[in-house]
Amino acid sequence: MLAADAMREIALDAEDDFDGWREGVRAAVRDGIAPERIVWRVGSAPGELFGEAAPAAAGAASFTVPRAFVDLARKAILHSDRERFALLHTLLVRLLARPGLLDDAADPLVRRVEGLAREVRRDIHKMRAFVRFREVAEPEGARFVAWFEPDFHIVRANAVFFLDRFASMRWSILTPEVSIHWDGATLAEGPGATKADAPDGDPVEAMWQSYYAAIFNPARLKVGMMLKEMPRKYWKNMPETALVPQLIAGAQAREAGMVETARTKPGGNIEAAWAALREEAMSCTRCPLHEHATQTVFGEGPVDAAMLFVGEQPGDQEDLAGRPFVGPAGQLFDRALAEAGIDRDTIYVTNAVKHFKFEQRGKRRIHAKPDAGEITACRWWIEQERALVRPKRTVALGATAARSLFGKAVTISRERGRALELPGGGEAWITVHPSYLLRLPDPTARAEEYARFVADLKAAAHT
Ligand code: URA
């Protein structure tokens with residue numbers, strides 16, 4: 001009989017041994033051993049801490065987990081975080097007790113594990129995008145050899161991808177942890193290597209060019225994504241880096257062209273242009289805020305809205321939900337809109353800055369004000385949104401929104417409550433940001449300021 005408070009050691013064959021982890025966890029669940037009582041060991045050296053061996057897999061626990069969990073776990077396990085085996089075990093135990101857990105984007109454990117999986121996915125993509133093969137003459141014929149340094153344990157999981165693309169060639173990918181070799185028939189694994197083991201010289205241009213074209217199909221080229229996925233440490237070996245400024249210019253021209261065509265050509269599809277613009281914005285890397293935010297929070301609402309409202313930047317809840325003004329400020333905004341006789345379903349709502357800027361304090365993410373550079377970098381998107389929606393009136397909620405629209409600092413107390421002319425044409429109205437109202441400590445002042453806010457919204461909508 002196994003004591004539930006016994007410690008158990010589970011040995012995995014390798015850092016990416018998902019099957020071993022699954023088997024070990026099934027046995028632990030079957031025996032009622034809590035995650036904190038498991039010691040995970042990677043490698044074949046016998047454990048010294050615990051005399052009791054992990055029990056055989058006989059009689060595996062009978063439970064099923066959603067496919068989404070398996071996919072998540074398969075990715076997260078490839079991370080280098082030493083706690084990942086235990087975190088996944090804990091997540092599994094909680095999931096068995098609460099089947100909808102994975103949908104709770106605010107749950108700290110779900111977020112942590114998803115964060116691991118996200119970093120792993122990026123690393124997988126980086127490897128696919130940035131390996132560079134050099135040709136080596138061997139007695140059997142040419143072999144193409146590449147050196148790559150992944151951040152995580154992704155090499156085996158990625159091998160099939162290269163096999164699919166280069167099945168008819170002989171190739172090797174060398175990495176510090178492991179090397180993989182394909183001889184045209186068999187995939188073999190060897191020990192880790194060093195950069196010195198890989199050949200020098202120019203990458204095989206024709207090969208990488210066709211490969212690169214397949215990964216970044218120029219017809220759908222997303223420069224933002226490409227830059228985001230291309231950390232500077234990889235740039236030195238990459239001839240296409242020289243193209244980057246041109247590609248950015250090309251992307252802007254394409255986005256602007258799309259908007260222009262949708263607006264000016266008969267039958268132009270504004271919805272489709274908006275969807276394409278949003279899609280491009282999803283991989284925006286024009287400023288560093290994308291690095292820590294969960295996602296781009298693009299504007300939303302009817303693309304033919306008569307009024308367009310601009311906030312500052314997504315907050316914590318907007319960052320997680322991917323939608324503007326859904327948190328506390330959004331709720332106050334909704335209430336004020338209703339009191340001003342404005343139906344939120346008829347307006348377009350967006351932000352001056354599309355990524356959440358915050359400071360991490362313990363587990364909390366505290367809002368940080370975007371600076372002038374970040375506002376300027378993001379102006380591109382709001383200009384495109386305005387060019388598409390062509391609102392009759394644009395309302396700036398707070399100083400950041402006003403700076404974004406006017407391209408300079410604006411004093412709200414002086415300009416609020418009346419129609420102003422925007423630099424590129426169009427009518428703008430300025431008022432305070434709903435968060436300002438939430439921050440006012442004095443209830444009387446808050447009520448007064450709220451009433452002024454509602455009056456500003458009414459004036460903007462009905463004057
Ligand atoms: N504050 C903003 O400015 N925008 C949001 O979307 C949420 C809070």
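Refer to the structure presented above.
These figures come from a predicted structure and were not determined experimentally.

**Examining the pattern of salt bridges**
Where charged atoms from two side chains of opposite charge come close, those side chains can pair. Within the structure shown, the criterion is met by 34 salt bridges. The shortest N-O distance in the salt bridge between arginine 365 and aspartate 316 comes to 2.8 Å. Within this pair, whereas arginine 365 is found in strand β11 (residues 364-367), its partner aspartate 316 is found in helix α10 (residues 316-321), the two being separated by 49 residues in sequence. On the basis of relative accessible area, arginine 365 is assigned to the buried category, the value being 12%. On the basis of relative accessible area, aspartate 316 is assigned to the partly exposed category, the value being 29%. The network of salt bridges with common partners includes Glu138, Glu140, Arg143 and Arg170.

**A few points about the sheet that holds strand β5 (residues 171-174)**
Taken in spatial order, the five strands line up as β3-β4-β5-β6-β7 in an open sheet, and their pairing is mixed. Because the sheet does not close on itself, it has two edges, and the strands there are β3 (133-138) and β7 (187-191). Sheet twist, expressed as the average angle between the axes of neighbouring strands with direction ignored, equals 25°. As paired strands, strand β6 (residues 178-182) and β7 are joined by five bridges and run antiparallel to one another. The residue of β7 that forms the bridge with isoleucine 180 is glutamate 189. In the packing of helix α5 (residues 155-165) onto the sheet, the strands contacted are β3, β5, β6 and β7, and the crossing angle to β6 comes to about 20°.

**Here's the deal with the packing of aromatic side chains**
This structure, assessed with the given rule, holds 12 aromatic pairs. Ring centres of phenylalanine 161 and phenylalanine 162 lie 5.3 Å apart, and the angle between their planes is 80°; this geometry places the pair in the edge-to-face category. Taken as a pair, phenylalanine 161 and phenylalanine 162 share a single burial class, namely buried. Connected via pairs of aromatic rings, a cluster forms that spans Phe133, Phe161, Phe162, Phe166 and Trp171. It is arginine 26 that lies over the ring of phenylalanine 63; its NZ or CZ is 4.8 Å from the centre. Against the face of tyrosine 450 rests arginine 335, its NZ or CZ located 4.7 Å from the ring centre.

Reading the values: the criteria
- Residues numbered from 1 in each chain as written.
- Predicted model: local features only at pLDDT ≥ 70, side-chain atom pairs only at ≥ 80, totals over all residues.
- Heavy atoms only, no water.
- Salt bridge = Lys/Arg side-chain N within 4 Å of Asp/Glu carboxyl O.
- Helix = DSSP H or I, 4+ residues; strand = E, 2+ residues; numbered from the N terminus.
- Buried < 20%, exposed > 50% of the residue type's maximum accessible area, 1.4 Å probe, protein only.
- Pairing = 2+ DSSP bridges.
- Axes fitted to C-alpha atoms, helices over the stretch in contact; angles between N-to-C directions.
- Contact = heavy atoms within 4.5 Å.
- Phe/Tyr/Trp six-rings, centres within 6.5 Å; stacked < 30°, edge-to-face > 60°.
- Lys NZ or Arg CZ within 6 Å of the ring centre and 35° of its normal.

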